[in-house]
Every structure is written in structure tokens, then in C-alpha cells.
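Letter by letter, the chains look like this.
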Amino acid sequence: MKNNAPMLKASGSSPKAAVKPVETKRKQPKGTEPPGAAARRLKYVLAVVLVLVVGIGLEYFWNLPVLHSARRGTTQISLDQAAAEGFVLEPEGFLLTEDKGTISIGLGGAYVDRFVYTFNYDQLLNTEIYVCYYNPYGEADPDQDLIFQDRNPKLADASSIHIGKRVDSIVLSVDRSNLGEPGTREEAAEIPVVITGFQIQNQPVMNWYRVGFFWVLLGLSAFFWLFRGYLGRHVEAGFLAVCLAVGTLTICALPANKVGYDEETHLYRAMGLASFPHGMNINQTVFSLMVPNLDSWPENQPGSAMEQKQLRDYLNENGDYKTGDIHLEPEVPAGTVPAYFGQALVLKLCKGLGVAWGTMLTLGRFGNLIGYGLLMYFAIRKLPAGKVIMTVIGLMPTPMFLACTYSYDPWVTGWISLGAACMIREILTPEKKITWKSWGFILLCFFLGCSPKAVYAPLILTGFLIPAKKFQNRRQKIVMRAGFLLLFAGLMSSFVLPVLIAPKETGDIRGGETSEAGQMSYVLGHFGGYLKILFANLIPAMPKMLFGRDIFSVQGHLADSPFTWLAMGLAGYAVVTDTRSSVGRGLKLGQKIWIFLMAGGCALLIWTSMYIAYTEPGRVVIAGVQGRYYLPILFLVYLTLNSRLIIARTKNIWYHTGVLAISTVLLLATLWQTVIAPMCM
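Described in the following lines is the structure provided in the data block. Not measured: the values here are computed from a predicted model. (Residues numbered from 1 in each chain as written. Predicted model: local features only at pLDDT ≥ 70, side-chain atom pairs only at ≥ 80, totals over all residues. Heavy atoms only, no water.)

Examining the nonpolar core
And then number 1: Formed by 157 residues in total, the largest nonpolar core has its most connected members in Trp357 and Tyr456.
And then number 2: Discounting residues that sit within four places of it in the chain, Trp357 has contacts with Leu267, Met271, Thr285, Val286, Leu289, Met290, Leu315, Asn316, Gly319 and Tyr321.
And then number 3: In this structure, Leu107, Phe119, Ile129 and Ala188 belong to the second largest nonpolar core, which totals 31 residues. (Core = buried A, V, L, I, M, F, W, Y, C linked by side-chain atoms within 4.5 Å. Buried < 20%, exposed > 50% of the residue type's maximum accessible area, 1.4 Å probe, protein only. Contact = heavy atoms within 4.5 Å.)

Below you can see the structure in the form of C-alpha cells.
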């Protein structure tokens, strides 16, 4: 009989001896550290020290031209040394007497780090500064004049211009027709303009805005390298680090002024909620930042660190938000109340601690940043697919700018993103039963996200894509799907019914002579014509709203990011390459079509709402639609464009780190160009 038992290699062996023993992981004794822990700790400490030291070193090198200049310190320029046309020299300074005047100052090639002029003018002083500087050959070259459009805030009495070159001459030009803003220029032209003095400042300074920029750049670079392995598994951690680091720098660098769209309205509501239920007792200095006002005119911002300090000191000294003579009752639309919780909480704490008004205004913006960062962090973490797509969208300049100002847009985007992430997880895991807790949380996310802006309600209907096998029984399926439908209907009724039943005679006054009632008569009376107008406006705008400047680069009232090309390339790269899925599957074609239709429904509602509330009746061009309105639907749209036919072979350790690094470069380059260089130097 043939023996089928396996043969042993050694004659004295037994079957038991041939079995490989199972290795058990030795437990670390209590009170001891794992091997290498001390070395890793030392590495992290050295990295922090290196970042701090190199950041200070870069600031030193930035000041080298000043340190090596022949004339250091502050030099007062006598008014007698200046040549003026259109001005008359009075005891207090140069008084503008003509419609246009110029003041010329010859410097003969002296190095000028900063040119400062002081003035006395109780309006918005808009000037032009012409600087004729020496070229690399050491010659004055008029063809290379620097021209500064210097728009000064109403509260300022001095302006600082960073030049950093050897200068032949400086010419200051004032034109009465450019004073003030449209609607105030006739009054502005009548107010006396007096230029009271000039200074050349060649003084090395520690510019903490610039140092902070260096620290964030170096710190995030070190973080990406040291924790690249962890980021390969948790891209959401990288998102949170970039969001909080760059966001903190942005908030600190932004002036204590209105910089975001409708920021005065959002600040008013946040302060109202922080003052609930007794209302606010404020003075005019505080009130001027809560209404459209020349004191906080967004087109005239501080142009240097000196001017920022001047504005903040003024607000700190004069702002009274406790015992002022203006009493305002809290007026916050019910649906938007939760959207201001973070901002209101910080403002409430500041009020309790007696923080000065200018500083308090800056700190309140952190309530938005922290809330946005945490919501997006958990949304990315929850996603089974599309993590990189959501990370890239969340770190674009426009949503990050919104998160650093007073606004409810970050709240809307954050909660809808978290709800969408939970929904996608349920759709892509049909083998796991859905729980009542998960269902309730999804409804809560969409309710909180859509309450301030019900135009996003159609996204709730993506719940119908949850597979039938996910439900415990037929009754649970009916109840849960009914819940999605009822929430959608409830939110839509809050948006549609008031306009249908009782349209207001006026709409949004920022759009001109608007009227809800008048516009509805056009829409309902010529519905076919309205559909033509709707699609004629919506379709041509889609490229820039989904992939272009409008959704990626707009920075409120500040200059747009000049790096839209990089943002578009990064977004396209993420859509094409982010095909990974932790559950081994992606969306099917039918599911993508349904999601795209729901996102399209949101777009139709966005344009319709702006047509009714913001566009003058009867016009065929829909006014007021901005790219930021597309942010809450952008992730789902991009996910429908994603295809698993293309597979990226790059390891996550480099894929995630690379995307985070490019996003950081985009944000910091934008911040430098739109905030640091024009406002903080």
C-alpha cells in the first residue's frame, strides 16, 4: 500500500517539529518607550528649531539691502525741497488748489526702502506714485518707472510705499476726479487735500508677516517630509495641517477691515448672535464695519504693515462694543443661525475677556477657519473614494479665503461635503446594512448645510442611490427614503413657497431696482422664454464656474489669484488620477448620471434665485451669480467625471504628499501676491 504521508527531512523529526511556530509580538513593558522613539523625538525638535532659525535668517537676508545702504534710519524731506504744480505750500503742508496736482522729489540715486507721506484728508485719498529708479547699469531710466496706484482708507493719515531700489525721483500725483468712490466724488472733490510731509525710511525691521510666511512655508515642507508615510495613509491630516497653517497666516495678514463679499452683513449677524438675547450697545466705530461705509470701504485697504498697525490701533482705541450709544437687536435669519456658531462663539469669548475691537475682529475669523477645517477633515476621512479630489477642492484659494473671513459659505460647503461623504460611503458599501444612526446623521448634515441656502436641497435626493440590499427590511427602506424626500420638500418649500405665495415688492437692493413680484410675473407669464434666458446664461458660464477663475481664484474684494492656470491643472490632475477606492469599487454609470442631474438641479436653482432676487425685472442677463456658489456641488460633479479606466500607479506616500505640496504652493503664492506683498510689507 502506497504511503501518502509527507516525508520528513530529518530521520528523527516528527510532524510537530515540521510546523513553523507562530511568532507572537512581544508586548512593550510598561514605562518603557518603543525602540527609536527618543531619536524620532529629537528629529522633530531639531526640525522645529531649524524652521524657526532659517525663517529668521531669511528675514535677515531680506533686510541686507537696507543694512548696506549708505543712509540708514529715517530721513525727513523738507517741503521746501519738493517742486509742486497744482499745489500751494501752506504752513501745514501742500494744499491742492487745482483739479490735478503733482509733487516731485529729487533723490539723486539714494537707496529708498520705504517712502512715506502724511496727509490731511477726510475722505478716500486715491493717488498715483511715480518712481524713477536706477537700472542695473546705475542709470536713471524713465522707461522703467514704477507706478503705484495708492488707495488709502478713510481712517488713514499716512501712506507707506515699499520701493527697495536706488531712486532718482518720486512724483506724487493727485487728481480730484479720482478722489472718493462713484457716488461720493463730487463731495470728495470739495474737501481740502493737504500733503503734510515726506519721509524716507531705510530702517531694518522684523516684519512678522513675512517671517510668518517663511515659517509656514518651511514648517509645512518639513511636515510633508517627516510625516510622508502617515500622509500616504491619511491625506485628511495633511489637509487639516495646510488649512490651519495657511489659514492662520491669512487671518493674521488680512486687515481689520471688510475684505470679503458681504462681510459686513455676516459680521453683523455673528455679533448679533454673540450678543443674544439683549442686543448690542456699540459706537459708530464698531457700527461702521457692519454696514456699507466709507470708513471700511473694501477697495481702499491698508498698503503696508505700518498702515495695518495704524488701522488696528485706531479700532482698538475707539471701538466700543459694550456701552456705545447705538443699540441693535440681534437680527439673524432662522435658517442661518447655526452657520454663525463658530464665529459668534469666538466673538462672545472676546467680549467676555474685554478684547479690543480691532483685535477681536481678527480673532472672530478663526471661528470660521476652525469649523471649516474640522468639517472638511472628517468629510475627507469618511470618504471611501475621491479623497484627493475633495482635498484639492477644499484647499483652493477661493474656499480658503472664504474660511478666513466672516461668511456662512464655509459652513454650507463643510456640512454638505460631510453629508455627501457619508452618502457616498453608504452607496459604495452595499454589503453593509445602513443604521438609523448613519441615516439620521446624513439628514442632519444636509439640513445644516442647506438651511442657509436651500438651493442645494436636490443633493439630498442622492439618498435614493443607496442600494435596496442596504436596508434591514422593506419598512426601513420606505421610512428612510421618505425621510430624504421630506427633507428635500421641506427645504424647497422654505425657498420656493414664500416667493410663489407672497413675493416681495423689492429684491436684493445690491442688484439695483429689483422686485421679486415683478420678476415672478415675467417668469410665470413667459415660462418658456425664461427657460431660454436661464440656459443661455447658465451653459456659457459653466466652464469658468466649474474649472476656472470664478470658482478657484476670486479673493473677495482683493485681487484675484494670478495662478488660476495652476489651480485648473491641479483640479484636472486630481479628477483624472484619483481612482483609488478603499472599498474596491466606484460609482456606476447610472449612479453618476443621477448625481450629475441633482447637481444640475442645484445649478438651476442658483441661477433662478439670483434672477428673482438680484436681477432687475425683464432683463435677459442674470446678475450676481458667482463661482463660490458652485463650491458645495463641485466635489460631486468632479466625482461623476472621474473614471477608473485610468489608474495612477504612484504610491500614496508620494501621491498624497505631492498633491498637498502643490496645493500649499498655490495657496502661499496666492497669499503672497494678494495679501502679503500689497498689504504687509
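Remarks on the pairing of strand E8 (residues 158-175)
And then number 1: Alignment of strand E5 (residues 100-120) against E8, held across 15 bridges, turns out to be antiparallel. The residue of E8 that forms the bridge with Gly106 is Ser169.
And then number 2: Alignment of strand E6 (residues 126-133) against E8, held across 7 bridges, turns out to be antiparallel. Bridge pairing links Tyr130 to Val171 in E8. (Pairing = 2+ DSSP bridges. Helix = DSSP H or I, 4+ residues; strand = E, 2+ residues; numbered from the N terminus.)

Examining helix H5 (residues 208-226)
And then number 1: Here H5 contains 19 residues, and its C-alpha end-to-end distance of 26 Å stays within 8% of the 27 Å for a straight helix at 1.5 Å per residue.
And then number 2: The inward-facing, buried residues of H5 abut helix H2 (37-62), helix H6 (228-233), helix H7 (235-253), helix H10 (305-318) and helix H24 (652-679).
And then number 3: Structurally, the start of H5 carries an N-cap: the backbone nitrogen of Tyr209 is 3.1 Å from a side-chain oxygen of Asn207. (Expected span 1.5 Å × (residues − 1). Polar contact = N/O pair within 3.5 Å; in protein donor to acceptor, adjacent residues only side chain to side chain.)

Considering the pattern of salt bridges
And then number 1: If you walk through the whole model with that rule in mind, you get 14 salt bridges.
And then number 2: Taking the shortest distance from any N to any O, the salt bridge between Glu59 and Arg210 comes out at 2.7 Å. Linking Glu59 in helix H2 with Arg210 in helix H5, this pair joins segments that are 151 residues apart in sequence.
And then number 3: Taking the relative accessible area as the measure of exposure, Arg210 reaches 4% and is therefore buried.
And then number 4: A salt bridge links Asp409 to Lys453; the shortest N-O distance between them is 2.7 Å. Residue Asp409 is located in helix H15 (residues 409-428), and its partner Lys453 is located in the loop between helix H16 (436-450) and helix H17 (474-501); the two are separated by 44 residues in the primary sequence.
And then number 5: A residue is classified by how much of its surface remains accessible, and Lys453, at 13% relative accessible area, is buried.
And then number 6: Overlapping salt bridges, with partners in common, bring together Asp262, Asp409, Lys453 and Arg628 in one network. (Salt bridge = Lys/Arg side-chain N within 4 Å of Asp/Glu carboxyl O.)

Observations regarding the environment of Asn257
And then number 1: Relative to the assigned elements, Asn257 resides in the loop between H7 and helix H8 (263-274).
And then number 2: Residue Asn257 is classed as buried on the basis of its relative accessible area of 4%.
And then number 3: When the C-alpha positions of Asn257 and Gly138 are compared, they lie 41 Å apart, and in sequence the two are 119 residues distant.
And then number 4: Those residues in contact with Asn257 that lie beyond four places of it in its chain are Glu263, Leu289, Asp295, Ser296, Trp297, Asn300, Gln301, Pro302, Leu311, Leu361 and Arg365.

Regarding the packing of aromatic side chains
Each aromatic ring pair is described using two quantities: the centre-to-centre distance and the angle formed by the ring planes.
And then number 1: Scanning the model with the defined rule gives 22 aromatic pairs in all.
And then number 2: An angle of 80 degrees between the planes, with centres 6.4 Å apart, marks the rings of Phe87 and Phe94 as edge-to-face.
And then number 3: Taking the relative accessible area as the measure of exposure, Phe87 reaches 8% and is therefore buried.
And then number 4: By way of ring pairs, the aromatic residues Tyr44, Phe223, Phe224 and Phe227 are connected into one cluster.
And then number 5: A cation sits over an aromatic face here: Lys165 above Tyr133, 4.8 Å from the ring centre. (Phe/Tyr/Trp six-rings, centres within 6.5 Å; stacked < 30°, edge-to-face > 60°. Lys NZ or Arg CZ within 6 Å of the ring centre and 35° of its normal.)

Quick word on helix H19 (residues 527-546)
And then number 1: When the terminal C-alpha atoms of H19 are compared, their 27 Å separation across 20 residues agrees well with the 28 Å that a helix rising 1.5 Å per residue should span.
And then number 2: At Pro540, H19 is bent by approximately 35 degrees, the largest bend along its length.
And then number 3: Among all positions in H19, only Tyr530, Ile533, Leu534, Asn537, Leu538, Ala541, Met545 and Leu546 are buried.
And then number 4: At its buried positions, H19 is contacted by helix H18 (516-525), helix H20 (549-552), helix H22 (589-614) and helix H23 (631-641). (Bend = angle between axes of the 7 residues up to and from the residue.)

Structural notes on the pairing of E6
And then number 1: The buried fraction of E6 amounts to 6 of the 8 residues, a majority that puts the element mostly inside the structure.
And then number 2: Note that E6 and strand E7 (residues 146-151) share 6 bridges and pair antiparallel. Looking at E7, one finds that Val131 is bridged to Leu146.

What about the side chain of Ser288?
And then number 1: With respect to the element layout, Ser288 can be found in the loop between helix H9 (284-287) and H10.
And then number 2: What makes Ser288 buried here is its relative accessible area of 4%.
And then number 3: Excluding anything up to four places from it in sequence, Ser288 contacts Asn293, Asp295 and Ser296.

Quick look at the side chain of Ser553
And then number 1: Relative to the assigned elements, Ser553 resides in the loop between H20 and helix H21 (564-577).
And then number 2: If we skip the residues at most four places from it in the chain, Ser553 touches Thr398, Asp560, Ser561 and Thr564.

What to know about the environment of Arg151
And then number 1: In this structure, Arg151 sits in strand E7.
And then number 2: For Arg151, a relative accessible area of 29% gives the class partly exposed.
And then number 3: When the C-alpha positions of Arg151 and Glu128 are compared, they lie 8.6 Å apart, and in sequence the two are 23 residues distant.
And then number 4: Polar side-chain contacts of Arg151 include one of 2.9 Å to the backbone oxygen of Glu299.
And then number 5: Of the polar contacts made by the side chain of Arg151, one reaches the side chain of Asn300; its length is 3.1 Å.

Quick word on the packing of H2 against H5
And then number 1: One way to put it is that H2 packs onto H5 with a least axis distance of 9 Å and a crossing angle of 145 degrees. Helix-helix and strand crossings are classified by hand; for H2 and H5 the assignment is right-handed. Residue-level contacts link Lys43, Tyr44, Ala47, Val51, Leu52, Val54, Gly55, Ile56, Leu58, Glu59 and Trp62 of H2 to Trp208, Arg210, Val211, Phe214, Trp215, Leu218, Gly219, Ala222 and Leu226 of H5.
And then number 2: For the contact of H2 with H5, the class distribution of residues is 15 nonpolar, 2 polar and 3 charged. (Axes fitted to C-alpha atoms, helices over the stretch in contact; angles between N-to-C directions. Left-handed = near helix turned anticlockwise from the far one by under 90°. Nonpolar A, V, L, I, M, F, W, Y, C, P; charged D, E, K, R; others polar.)

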